[in-house]
Amino acid sequence: MSVSLAGRRIVVSAGPTYEDIDPVRFIGNRSSGKMGFAVAAAAARRGAQVMLIAGPVHLPTPEGVQRIDVRSAQQMRDAVFAQLPADAYIGAAAVADYRPRTPLSGKLKKTGETLALELVRTPDILAELGTHALRPRRLVGFAAETDDIAHYARGKLVRKRLDLIAANRVGQPGSGFESDENALVVYAHDGEQALGPAPKTELADGLLDLVFPD
Ligand code: PMT
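From a predicted model like this one, the values you see are computed outputs, not experimental measurements. (Residues numbered from 1 in each chain as written. Predicted model: local features only at pLDDT ≥ 70, side-chain atom pairs only at ≥ 80, totals over all residues. Heavy atoms only, no water.)

**Q** An account of the overall build of the protein chain is needed here, citing residue identities and associated values.
**A** Across its full length, the protein chain carries five helices and twelve strands. Projected onto its principal axes, the C-alpha coordinates of the protein chain cover approximately 60 × 35 × 35 Å. The buried share of the protein chain, taken over its 214 residues, is 47%. Across the protein chain, the fraction of contacts at a sequence separation of at least 24, relative to all contacts at a separation of at least 6, is 60%. For the protein chain, the accessible surface area stands at approximately 11000 Å², while carbon and sulfur atoms represent 50% of it. (Helix = DSSP H or I, 4+ residues; strand = E, 2+ residues; numbered from the N terminus. Buried < 20%, exposed > 50% of the residue type's maximum accessible area, 1.4 Å probe, protein only. Contact = heavy atoms within 4.5 Å. Areas by Shrake-Rupley, 256 points an atom, 1.4 Å probe, with all protein chains shown as cover.)

Set out below in structure tokens:
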């Protein structure tokens, strides 16, 4: 039987972030928000108080979940930190690692044959949470990888000071971005557990069992 999460306060991020180039263009990614929304819904069903920080997605808010919509990585970071303290943060969002240095106020005009955009790093929300005074007791990341999944996921687990990281393969149908199904390998510091392939709604429950074993 699933452990009740009544009395727990859980912050979940979901979806992509959009980093504006000018008023009509942005840098984004293929995240639909389905994985993060499934986690938020599953936590609410178990009685948790859930705050969902959503990037630009087209999904209805799950029952019993509170939601804040954001656009950029910086906005997502600020919204997440405004929710502290929390018992857990589960970062399912595909946060942009880079943004244009200076978004233009007017539309960028076509000029030469090539165009170079200068990009600068965005805040790493998980890494910042990992060393924050109000670090949630359970800090959970996702890792979207195309190859060498275990190596990169374990690296992020250590570098971002996480408790768990749920790795999924992206770039092929049936898992990762946009799909209703996924397969996860959840890495902890002392072991790993495979979940799925299964619908994201089911995987969300399996993940919560690992985040809150009792
Ligand atoms: O939304 P769907 O279409 O359902 O797809 C689900 C998913 C593939 C987006 C999801 O399962 C997933 O893997 N989410 C994480 C995607 C990602 O950005 O992975 P990453 O390896 O680049 O980042 C690692 C972790 O650091 C993530 O938890 C991310 O939220 C976090 N991060 C990354 C960059 C940043 N600036 N701040 C962060 O907090």
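Back to the text.
**Q** Describe in detail the pairing of strand 1 (residues 9-14), supporting the description with residues and values.
**A** Most of strand 1 sits inside the fold, with five of its six residues counted as buried. Where strand 1 meets strand 4 (residues 49-54), six bridges bridge the pair, whose relative direction is parallel. Along strand 4, the bridge assignment pairs valine 12 with leucine 52. As paired elements, strand 1 and strand 6 (residues 88-91) share four bridges and run parallel to each other. Paired with isoleucine 10 across the two strands is alanine 88, which belongs to strand 6. (Pairing = 2+ DSSP bridges.)

**Q** Tell me what's going on with the environment of leucine 115, and back it up with residues and numbers.
**A** You can see leucine 115 is positioned in the loop between strand 7 (98-100) and strand 8 (119-121). On the basis of relative accessible area, leucine 115 is assigned to the exposed category, the value being 59%. Between the alpha carbons of leucine 115 and aspartate 97 there is a distance of 20 Å; along the sequence they are 18 residues apart.

**Q** Report on the site of the ligand, specifying residues and quantitative values.
**A** Taken together, the neighbourhood of the ligand is formed by 29 residues, with Ser31, Ser32, Gly91, Lys156 and Asn168 sitting nearest. A distance of 3.1 Å is found between a nitrogen atom of the ligand and a backbone nitrogen or oxygen belonging to isoleucine 125. One of the backbone nitrogen or oxygen atoms of glutamate 178 is found 2.7 Å away from an oxygen atom of the ligand. With the chains in place, 96% of the 770 Å² that the ligand exposes on its own is no longer accessible. Listing elements by their share of the shell around the ligand, those giving two or more residues are helix 1 (34-45), helix 3 (125-130) and strand 9 (138-145). (Near = heavy atom within 4 Å. Polar contact = N/O pair within 3.5 Å; in protein donor to acceptor, adjacent residues only side chain to side chain.)

**Q** Describe the packing of aromatic side chains, naming the residues involved and giving the relevant values.
**A** Considering all chains together, one arrives at one aromatic pair under this definition. When the ring of tyrosine 18 is compared with that of phenylalanine 26, the centres are 3.8 Å apart and the planes differ by 15°; the resulting orientation is stacked. Over the aromatic face of phenylalanine 26 sits the side chain of arginine 71, whose NZ or CZ is 5.4 Å from the ring centroid. Between the NZ or CZ atom of arginine 77 and the centre of the ring of phenylalanine 81, over which it lies, the distance is 4.2 Å. (Phe/Tyr/Trp six-rings, centres within 6.5 Å; stacked < 30°, edge-to-face > 60°. Lys NZ or Arg CZ within 6 Å of the ring centre and 35° of its normal.)

**Q** Outline the pairing of strand 6, supporting the account with residue identities and numerical values.
**A** Along strand 6, one buried face is formed by Ala88 and Ile90 and the opposite face, lined by Tyr89 and Gly91, is buried too. Relative to strand 9, strand 6 is paired through four bridges, and the arrangement is parallel. From the neighbouring strand, alanine 88 faces strand 9, where its bridge partner is arginine 138.

**Q** Which residues make up the pattern of salt bridges, and what values go with them?
**A** Summed over all chains, the structure comprises 15 salt bridges. Between glutamate 178 and arginine 30 there is a salt bridge whose closest N-O contact spans 3.1 Å. Remark: arginine 30 occurs in the loop between strand 3 (25-27) and helix 1 and glutamate 178 occurs in the loop between strand 10 (164-169) and strand 11 (181-188); sequence separation between them is 148 residues. With a relative accessible area of 38%, glutamate 178 lands in the partly exposed category. (Salt bridge = Lys/Arg side-chain N within 4 Å of Asp/Glu carboxyl O.)

**Q** Provide a residue-level description of unusual backbone geometry, including the pertinent values.
**A** The phi angle of most residues is negative, glycine excepted, and most peptide bonds adopt the trans form. In this structure, proline 85 follows leucine 84 across a cis peptide bond, with omega equal to 5°. Position of proline 85 relative to the elements: it lies in the loop between helix 2 (73-81) and strand 6. Put simply, glycine 196 and proline 197 share a cis peptide bond, and its omega is 10°. One non-glycine residue with positive phi stands out, namely arginine 161, at about 55°. You can see arginine 161 is positioned in the loop between helix 4 (149-159) and strand 10. With relative accessibility at 51%, the residue arginine 161 sits in the exposed group. A positive phi angle, close to 70°, is found at glutamate 178, a residue other than glycine.

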